[in-house]
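# Summary of structural features
Here is what each chain is made of, one letter per residue.
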Amino acid sequence: MSVEAPILPSTPLANAGGVVHPPAPSARARRRKLPFSGWHFLLVPVAFLFLLPFVEMFLTSVEPASEINKFPPAFIPSHFTLDGYQKLFEQSDILHWLLNTAIVSASAIASHLVLCSLAGYGFARLKFPGRSFGFLAILATIMVPTQLLMIPTYIMFARLGLVDHLSAAIVPWLASAFGIFLMRQFFLSLPAELEEAGLIDGCTRLQVFFRIVLPLAKPALATLAIFTLLGSWNDLVWPLIAINNDHAFTLQLGLTNFQGTRRTEWSLLMAGNVIATLPLILFFLAAQKQFVATMTFAGLKG
Amino acid sequence: MTTSALRPPEGAPPRSSTARRASRRHRSWREALEGWGFVAPALVIVLGLTVFPGVWAFLLSFQKWDGFSDPISVGTGNYRDMIADPELQGAVAHTAIYTVLFVPASVLLGLFLAVALNRRIRFIGLYRTAIFVPFVASAAATGILTTYLFSPQFGLINNVLRVVGLPEQGWLEDRHEAMVVITIMSLWGQAAFTTVIYLAALQDVPGDVVEAARIDGANSWQIFWRVVWPQLAPVTVFVGIYQTLQAIQLFDLVYTTTRGGPLEATQTIVYYLWKVAFQNLQFGYGSAVAYGLFFVTLLVTIAVAVYSRKSGREAF
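Just so we're clear, the structure is a prediction, and the values are computed from it rather than from any experiment.

Reading the values: the criteria
Residues numbered from 1 in each chain as written. Chains lettered and ligands numbered in written order. Predicted model: local features only at pLDDT ≥ 70, side-chain atom pairs only at ≥ 80, totals over all residues. Heavy atoms only, no water. Helix = DSSP H or I, 4+ residues; strand = E, 2+ residues; numbered from the N terminus. Buried < 20%, exposed > 50% of the residue type's maximum accessible area, 1.4 Å probe, protein only. Areas by Shrake-Rupley, 256 points an atom, 1.4 Å probe, with all protein chains shown as cover. Core = buried A, V, L, I, M, F, W, Y, C linked by side-chain atoms within 4.5 Å. Domains from an automatic or database assignment. Contact = heavy atoms within 4.5 Å. Axes fitted to C-alpha atoms, helices over the stretch in contact; angles between N-to-C directions. Left-handed = near helix turned anticlockwise from the far one by under 90°. Nonpolar A, V, L, I, M, F, W, Y, C, P; charged D, E, K, R; others polar. Buried area = accessible area lost by both parts, 1.4 Å probe. Salt bridge = Lys/Arg side-chain N within 4 Å of Asp/Glu carboxyl O. Polar contact = N/O pair within 3.5 Å; in protein donor to acceptor, adjacent residues only side chain to side chain. Phe/Tyr/Trp six-rings, centres within 6.5 Å; stacked < 30°, edge-to-face > 60°. Lys NZ or Arg CZ within 6 Å of the ring centre and 35° of its normal. pLDDT = per-residue confidence, 0-100. Parallel < 35°, antiparallel > 145°, perpendicular 65-115°, else oblique.

## Notes on the overall build of chain B
Assigned secondary structure in chain B consists of 15 helices and two strands. With 316 residues in all, chain B has 50% of them scored as buried. Carbon and sulfur atoms provide 63% of the accessible area of chain B, an area that totals close to 15000 Å².

This is the structure in structure tokens:
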């Protein structure tokens, strides 16, 4: 059992406060030193409450329908069954929606990483006329709520023939003001000497960018990728507006529509929920540090 | 073209002034091209998807248009209609109720969880994971979970109430309780955000100040409220404003749970805006509502910024 204590971010972005941790003693030595604390009495029930919806989701997805719908319902299934998943695959296009969402998120992340880091670098390092104005314009758009843009964007996409295609869900995620801002802040925190050395050695700017700068930018790129993954994977309102054709449904949109037609077929719905949520949960467990760094930065952007 | 031409090595023989001027002009032109080359693709996408539709929405807000027939100019008619629109007033009221429920609760919950998690004890990593992981749940998934957990007949919550002998509730089907349920599940999904912000802020509280208070004989409770809490003020202002802006824009969870019901009790401003625009195809009126909402959020931001500057707190 790991006893990793502080999982707060230590990227140059988020560690502005400069928390310095003493060198970690070996896990066993640390465990012996940690005294029992009364906080456990509080944290155990709180953690249980936060996990409960997920536990319910998983248990219900493998529970026989007869047990969910009897009265009073049984919350712990008497035996596991995959009927819910099987029916879900038969009666919905969930795997197709999953593929659509994977395509949207993968394109969003790839495009974000390339375009936002290029622009962030340009604003941080290069001198060109209109730079300040361009960056101010980007910052100003952060203030504009998406609701303001929904109607004209929908009309615009309709005229471009994008509506009802998966590309309608992709295009708004190609780049973002937040991403540009994040990358610019990161590049400003890097010392410029390395790049200057590269330029003197005869590299072009693009070579310097790809060979010297980007390899140093991994923490910021991870933050950006997670931000984009969370946003594009979970987006509901825009696909809801722009996509009416169930062949181009994203996972969230398909699931919501499915819920509308199968009000009480809980094992099916929960199976769909597991499929929609599990990838992100696993991702979170694998990269919790980066997720927390992303949240911190998203919070400090104001 | 090589870079050495742009950056002459030191000790290079001085060139004539005309040649230097020409090369400088050439260089600045090249630098401009290079700079814009880096920023243009992202800039065009971001500005193209905000400035252009933003201006268009403003123009639309003075028109009546269903997207098919010719738009009719109505001057400020849409804005005047908004003031007299009872359904919009209801939506504003429901949004206000949600904001009042959600914002203080999310700030206090985040503070409480951050304090509880800001210590080195066994299993602290597990506790953090448990509290943070709901952050990745989508509105669609949360919506389905909500309708299940709070289902009057089959739901876990009512069954717990039944077992402990308390009266069962209608929850999402009760117009007085539906917004409370949505608030609870929003808190479940969002608690990680305020908690993480407060955790980072708590680690920035200078240890010597806390130590000094302890030497002066303050107990933990006094230290927290008299020493730590004032230090967190800028973060509290920021988190409060951020969560208020989030609350004013509530849509997803309403759509995936109640669709504005029962009896429009959970119809928020953005839900109403979506209905007006994409169910009734009133693009002009919808744009006016969107601009109204934008000005409200702008006012909230400016008011808090001015207030926090006046009271000497640097929130941004």
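## Things to note about the nonpolar core
Met183(A), Phe187(A) and Phe132(B) are the most contacted members of the largest nonpolar core, which totals 189 residues. The element contributing the most residues to this core is helix 9 (residues 178–204) of chain B, with 16 residues. Each of domain 1 (3–49) and domain 2 (85–281) of chain B gives at least three residues to this core. Not counting residues up to four positions away in its chain, the partners in contact with Phe187(A) are Ser117(A), Gly120(A), Tyr121(A), Ala124(A), Arg125(A), Phe209(A), Val213(A) and Ala217(A).

## Concerning the packing of helix 10 (residues 193–200) of chain A against helix 11 (residues 205–216) of chain A
Residues and elements named next belong to chain A. Running from N to C, helix 10 and helix 11 point in directions that differ by 150 degrees, and their axes come no closer than 10 Å. Relative to helix 11, the crossing made by helix 10 is right-handed. Side by side, helix 10 and helix 11 meet where Leu194, Glu195, Gly198 and Leu199 of the first sit next to Arg205, Val208, Ile212, Val213 and Leu216 of the second. Among the residues making up the contact of helix 10 with helix 11, the classes are represented as six nonpolar, one polar and two charged.

## Brief notes about the interface of chain A and chain B
Facing the 109 residues of chain A at the interface are 99 residues of chain B. Considering only the surface of chain A that becomes buried against chain B, Phe50(A), Ile151(A) and Met295(A) emerge as the three largest contributors, covering 8% of it. At the junction of chain A with chain B, the criterion picks out zero salt bridges. Across the contact surface, chain A and chain B share eleven residue pairs in polar contact (both at pLDDT 80 or more). When residues in the side of chain A that touches chain B are grouped by element, the largest group, 16 residues, is from helix 2 (residues 39–61) of chain A.

## Some words on the environment of Pro172(A)
In this fold, Pro172(A) is placed in the loop between helix 8 (166–170) and helix 9 (177–189). Under the relative-accessibility criterion, Pro172(A) is labelled partly exposed at 27%. Separated by 60 residues in sequence, Pro172(A) and Ser232(A) have C-alpha atoms that sit 9.4 Å apart. In this structure Pro172(A) touches Phe157(A), Trp238(A) and Leu49(B), once residues within four positions along its chain are discounted.

## Things to note about helix 14 (residues 251–261) of chain A
Among the eleven residues that make up helix 14 of chain A, eight are buried, leaving the element largely enclosed by the rest of the structure. Among the residues making up helix 14 of chain A, those that are buried are Leu251(A), Gln252(A), Leu253(A), Gly254(A), Leu255(A), Thr256(A), Phe258(A) and Gln259(A).

## A look at the packing of aromatic side chains
Under the criterion given, the structure shown has 41 aromatic pairs over all chains. Ring centres of Phe186(A) and Phe187(A) lie 5.9 Å apart, and the angle between their planes is 70 degrees; this geometry places the pair in the edge-to-face category. Comparing Phe186(A) with Phe187(A), the two get one shared label, buried. For the pair Tyr271(B) and Trp274(B), a centre-to-centre distance of 5.5 Å together with 50 degrees between the ring planes defines the contact as tilted. Within this pair, Tyr271(B) and its partner Trp274(B) are both found in helix 14 (residues 269–279), separated by three residues, close to a single helical turn. Relative accessible area serves as the criterion here: at 5%, Tyr271(B) is assigned to the buried category. A network of ring pairs unites the aromatic residues Tyr121(A), Phe186(A), Phe187(A), Phe209(A), Phe210(A) and Phe38(B) as a single cluster. For Arg184(A), the ring lying beneath its charged end belongs to Phe135(A), and the centroid distance is 3.9 Å. If you follow Arg119(B) out to its NZ or CZ, it ends over the ring of Trp39(A), 3.8 Å from the centre.

## A closer look at unusual backbone geometry
Phi is mostly negative for residues that are not glycine, and the peptide bonds are mostly trans. Residues and elements named next belong to chain B. One non-glycine residue, Arg259, adopts positive backbone phi at about 50 degrees. Summarising the element assignment, Arg259 is placed in the loop between helix 13 (252–257) and helix 14. A positive phi angle is found at Glu264, which is not glycine, with a value near 65 degrees. Tracing the backbone shows Glu264 in the loop between helix 13 and helix 14.

## Concerning the confidence of the model for chain B
Detailed conclusions should not be drawn from predicted coordinates in areas where pLDDT is low. Across chain B, pLDDT averages 86, with 91% of residues at or above 70. Here residues 1–13 of chain B scores under 50 on pLDDT; set against residues more than four positions off or in separate chains, the count is eleven contacts.

## Comments concerning the confidence of the model for chain A
Residue and element names in this part refer to chain A. Mean pLDDT over chain A works out to 83, with 86% of the residues at or above the 70 mark. The spread of mean pLDDT over the elements of chain A runs between helix 1 (residues 27–33), the lowest at 55, and helix 5 (residues 94–125), the highest at 94. The low-confidence segment residues 1–23, where pLDDT is below 50, has 49 contacts with residues more than four positions distant or belonging to other chains.

## Thoughts on the environment of Ala105(B)
Residues and elements named next belong to chain B. When you line up the elements, Ala105 lands in helix 5 (residues 86–117). Taking the relative accessible area as the measure of exposure, Ala105 reaches 27% and is therefore partly exposed. Placed 79 residues apart in sequence, Ala105 and Ile184 show a C-alpha to C-alpha distance of 9.2 Å.

## Concerning the environment of Thr228(A)
Among the structural elements, Thr228(A) can be located in helix 12 (residues 218–234). Judged by relative accessible area, Thr228(A) falls into the buried class, the value being 0%.

## Some thoughts on the packing of helix 7 (residues 146–159) of chain A against helix 15 (residues 283–310) of chain B
Axis separation between helix 7 of chain A and helix 15 of chain B bottoms out at 7 Å; the angle between their running directions is 150 degrees. For the element pair helix 7 of chain A / helix 15 of chain B, the angle class is roughly antiparallel. The two elements helix 7 of chain A and helix 15 of chain B cross, and the hand of that crossing is left-handed. Along the contact surface, helix 7 of chain A presents Gln147(A), Leu148(A), Ile151(A), Tyr154(A) and Ile155(A), while helix 15 of chain B presents Phe283(B), Gly286(B), Ser287(B), Ala290(B), Tyr291(B), Leu293(B) and Phe294(B). Its residues placed into classes, the contact of helix 7 of chain A with helix 15 of chain B shows nine nonpolar, three polar and no charged.

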